[in-house]
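Here is what each chain is made of, one letter per residue.
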Amino acid sequence: MTGDNGQHWPIDDDLTALRQRLLRHAARAGMRGERLDDLLLAVNEAVINVLEHGGGKGTLSIWHNDTCITVDVIDNMGDLAPQDIPPERPTGTVRGFGLWLMSQLCDEFSIHQATGESRVRLRMLLHPAPAL
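Residues numbered from 1 in each chain as written. Predicted model: local features only at pLDDT ≥ 70, side-chain atom pairs only at ≥ 80, totals over all residues. Heavy atoms only, no water.

- As annotated in an unreviewed UniProt entry, the protein chain is Anti-sigma regulatory factor, serine/threonine protein kinase from Streptosporangium roseum.

Written as structure tokens, this is what we have:
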């Protein structure tokens, strides 16, 4: 299995620059079309959660190998936990369904909480099997 060394960027208010770096890396990995759009949307949701609901600072890391691309979004505050993922889309609100959306858009989605930080991991296959 081959892979890259990945990239790491701080999360700050310059979301445009962060999205552009993410887009370049994902495109170099081979992501295209709707799958690339889904990854960008899911990562954007995770980053906005850090800025609006978390500690306001964190790190985005991205890497890929022959089969998948992985993005970790680290929140330095660390309040997000696995049980925060809703099993169904929340209703009765126009906001508050970002975690659910990430779980729907990505092939793998997890939250890991450790002392002083939480990590959202988003993973997408580069060559998914066709839908039956």
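On we go from here.
## Regarding the layout of surface pockets
Next up, step 1: In this structure, the second largest pocket encloses a volume near 170 Å³.
Next up, step 2: Together, 14 residues line the second largest pocket, and Asn49, His53, Gly54, Asp75 and Leu80 are the ones closest to its centre. (1 Å grid on protein atoms, 1.4 Å probe; cavity = no way out; pocket = protein on both sides within 12 Å on 5 of 7 lines; lining within 4 Å. Points joined across faces, edges and corners; volume = space filled by probe spheres on them.)

## Some words on the environment of aspartate 66
Next up, step 1: Take aspartate 66: it is sitting in the loop between β2 (58–64) and β3 (68–75).
Next up, step 2: Accessibility expressed as a relative area gives 42% for aspartate 66, which makes it partly exposed.
Next up, step 3: Separated by 60 residues in sequence, aspartate 66 and leucine 126 have C-alpha atoms that sit 7.6 Å apart. (Helix = DSSP H or I, 4+ residues; strand = E, 2+ residues; numbered from the N terminus. Buried < 20%, exposed > 50% of the residue type's maximum accessible area, 1.4 Å probe, protein only.)

## Brief notes about helix α1 (residues 15–29)
Next up, step 1: Look at α1: 21 Å from first C-alpha to last across 15 residues, which is about the 21 Å you get at 1.5 Å a residue.
Next up, step 2: Along α1, the positions that sit buried rather than exposed are Leu15, Ala17, Leu18, Leu22, His25, Ala26 and Ala29. Taken end-on, α1 shows its buried residues confined to a sector of 165°, consistent with a single buried face.
Next up, step 3: Packed against the buried residues of α1 are β1 (7–11), α2 (33–52), β2 and β3. (Expected span 1.5 Å × (residues − 1). Arc of directions from axis to C-beta. Contact = heavy atoms within 4.5 Å.)

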